[in-house]
Amino acid sequence: MLKKSIVNIQNLNHFYGTGLLQKQILFDVNLELRTGEIVLLTGPSGSGKSTLLSLIGGLRSVQEGSLEVLNWELNNASNNQLVQIRRNIGYIFQNYNLLGFLTAQQNVQVSAELSKVSRQEVRMRSETILRAVGLGHRLNYYPQQLSGGEKQRVAIACALVNRPRLVLADEPTASLDGQTGRDVVNLMKQLSQENDCAILLVTHDNRISDIGDRTIRIEDGQICEMSKSYSY
Ligand code: ADP
Ligand code: MG
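Small disclaimer: the values here were computed from a predicted structure and weren't measured.

**Side note on the domain arrangement of the protein chain**
Then, in step 1: Along its sequence, the protein chain is organised into domain 1 (1-88 + 166-227) and domain 2 (96-163).
Then, in step 2: Where domain 1 abuts domain 2, roughly 1,100 Å² becomes buried across the two surfaces, and 67% of that area is made up of carbon and sulfur atoms.
Then, in step 3: Scanning the region where domain 1 abuts domain 2 turns up zero salt bridges.
Then, in step 4: At six residues, the largest contribution of residues to the side of domain 1 that touches domain 2 is made by helix H6 (residues 178-194).

This is the structure in structure tokens:
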């Protein structure tokens, strides 16, 4: 079955700096992500992985080329449109990005509130997703009372609570030990598949290299290798 395109990138270039200090970071990137697939993005440090992820996530303005997310063109998109698109995307970062003065459940509620549902619904959804990531017994714990793996599970709950169509994860296992990292990524995979959500996962971590449907390698801002491309 031909699956729908979630991300479609054509001839994307990106630069940092201006004038003489301008430096090109991404070169003619072409990439497509489809519903429900898990794509790993690897490559050396400084090759442009986080830049690409932040562009796809609507966190940075597109300068040159076409970048469509959920059939919205991000090049020249208004701030309002970017806000709308971000509501359909879940973000997971290496350092968890939890608010230390809020409990696990309150952290997830902050994300759930973005979808403008009732307070009761917010509370219910956040509790349900925290149970799904195995943290039903940690709802009222603060981040500092949680292990690294538990914190990353809370971050996954934050990313998934609004049932996004796309999850962008930037080195989500980098701060975790091997087994914990695998468990966390397996959980992301399982929950995303249940919701037919695509995942783009930046990683250096060889221990999780088998988890994706495809792996894309980027070097010096250019996509240089794609493996395990699937057949329809
Ligand atoms: P990766 O995630 O693959 O390590 P990045 O996308 O973070 O790579 O960075 C790619 C290149 O862009 C690096 O050379 C980095 O130093 C540079 N860079 C990243 N962010 C900025 C920025 N905000 N301003 C200027 N240069 C940047
Ligand atoms: Mg990076």
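Following the structure, the description resumes.
**Some points on the side chain of serine 192**
Then, in step 1: For serine 192, the position within the fold is in helix H6.
Then, in step 2: The exposure class of serine 192 is buried, given its relative accessible area of 2%.
Then, in step 3: Dropping the residues within four chain positions of it, serine 192 is found in contact with Cys197 and Ile199.

**Concerning the site of ligand 1**
Then, in step 1: Around ligand 1, the surrounding shell consists of Tyr16, Lys23, Ile25, Pro44, Ser45, Gly46, Ser47, Gly48, Lys49, Ser50 and Thr51.
Then, in step 2: Between an oxygen atom of ligand 1 and a main-chain N or O atom of glycine 48, the distance comes to 3.1 Å.
Then, in step 3: If ligand 1 stood free it would expose 560 Å²; the protein chains cover 59% of that surface.
Then, in step 4: Secondary structure elements with two or more residues in the shell around ligand 1: strand S2 (23-34) and helix H1 (49-56).
Then, in step 5: No other element matches H1, which puts three residues into the shell around ligand 1.
Then, in step 6: The residue makeup of the shell around ligand 1, split by class, is three nonpolar, six polar and two charged.

**Re a nonpolar patch on the surface**
Then, in step 1: On the surface, Leu99, Phe101 and Val110 cluster together into a nonpolar patch covering about 290 Å² of accessible area.
Then, in step 2: The topology assignment puts valine 110 in helix H3 (residues 104-112).

**A word on helix H4 (residues 119-132)**
It helps to recall that an α-helix has 3.6 residues per turn; residues three or four apart then point in one direction.
Then, in step 1: Taking 1.5 Å per residue as the helical rise, H4 with its 14 residues ought to reach 20 Å, and the 20 Å between its terminal C-alpha atoms agrees with that figure.
Then, in step 2: Where H4 is concerned, the buried positions are Val122, Ser126, Ile129 and Leu130. All buried residues of H4 lie within an arc of 100° about the axis, which places them on one face of the element.
Then, in step 3: The elements touched by buried residues of H4 are H3 and helix H5 (148-160).
Then, in step 4: Glycine 134 lies just past H4 and shows a positive phi near 80°.

**Concerning the environment of isoleucine 38**
Then, in step 1: Within the element layout of this structure, isoleucine 38 appears in strand S3 (residues 38-42).
Then, in step 2: In sequence terms isoleucine 38 and aspartate 183 are 145 residues apart; their C-alpha atoms lie 16 Å from each other.

**A look at the nonpolar core**
When a protein is soluble and globular, its nonpolar side chains tend to lie buried together.
Then, in step 1: By size, the foremost hydrophobic cluster in this structure holds 36 residues, and its most contacted members are Val108, Leu130, Val133, Val154, Ile156, Met188 and Leu201.
Then, in step 2: Here this core spans two domains, since at least three of its residues come from each of domain 1 (1-88 + 166-227) and domain 2 (96-163).
Then, in step 3: Apart from residues no more than four positions distant in its own chain, leucine 130 is found in contact with Ala104, Gln105, Val108, Leu135, Gly136, Leu139, Val154 and Ala157.
Then, in step 4: Listed in part, the 31 residues of the second largest apolar core include Ile6, Ala77, Ile85 and Ile89.

About the cut-offs
- Residues numbered from 1 in each chain as written.
- Chains lettered and ligands numbered in written order.
- Predicted model: local features only at pLDDT ≥ 70, side-chain atom pairs only at ≥ 80, totals over all residues.
- Heavy atoms only, no water.
- Domains from an automatic or database assignment.
- Buried area = accessible area lost by both parts, 1.4 Å probe.
- Salt bridge = Lys/Arg side-chain N within 4 Å of Asp/Glu carboxyl O.
- Helix = DSSP H or I, 4+ residues; strand = E, 2+ residues; numbered from the N terminus.
- Buried < 20%, exposed > 50% of the residue type's maximum accessible area, 1.4 Å probe, protein only.
- Contact = heavy atoms within 4.5 Å.
- Near = heavy atom within 4 Å.
- Polar contact = N/O pair within 3.5 Å; in protein donor to acceptor, adjacent residues only side chain to side chain.
- Areas by Shrake-Rupley, 256 points an atom, 1.4 Å probe, with all protein chains shown as cover.
- Nonpolar A, V, L, I, M, F, W, Y, C, P; charged D, E, K, R; others polar.
- Patch = residues over 30% accessible without salt bridge, like charges linked within 9 Å, V, L, I, M, F, W, Y side chains within 5 Å.
- Expected span 1.5 Å × (residues − 1).
- Arc of directions from axis to C-beta.
- Core = buried A, V, L, I, M, F, W, Y, C linked by side-chain atoms within 4.5 Å.

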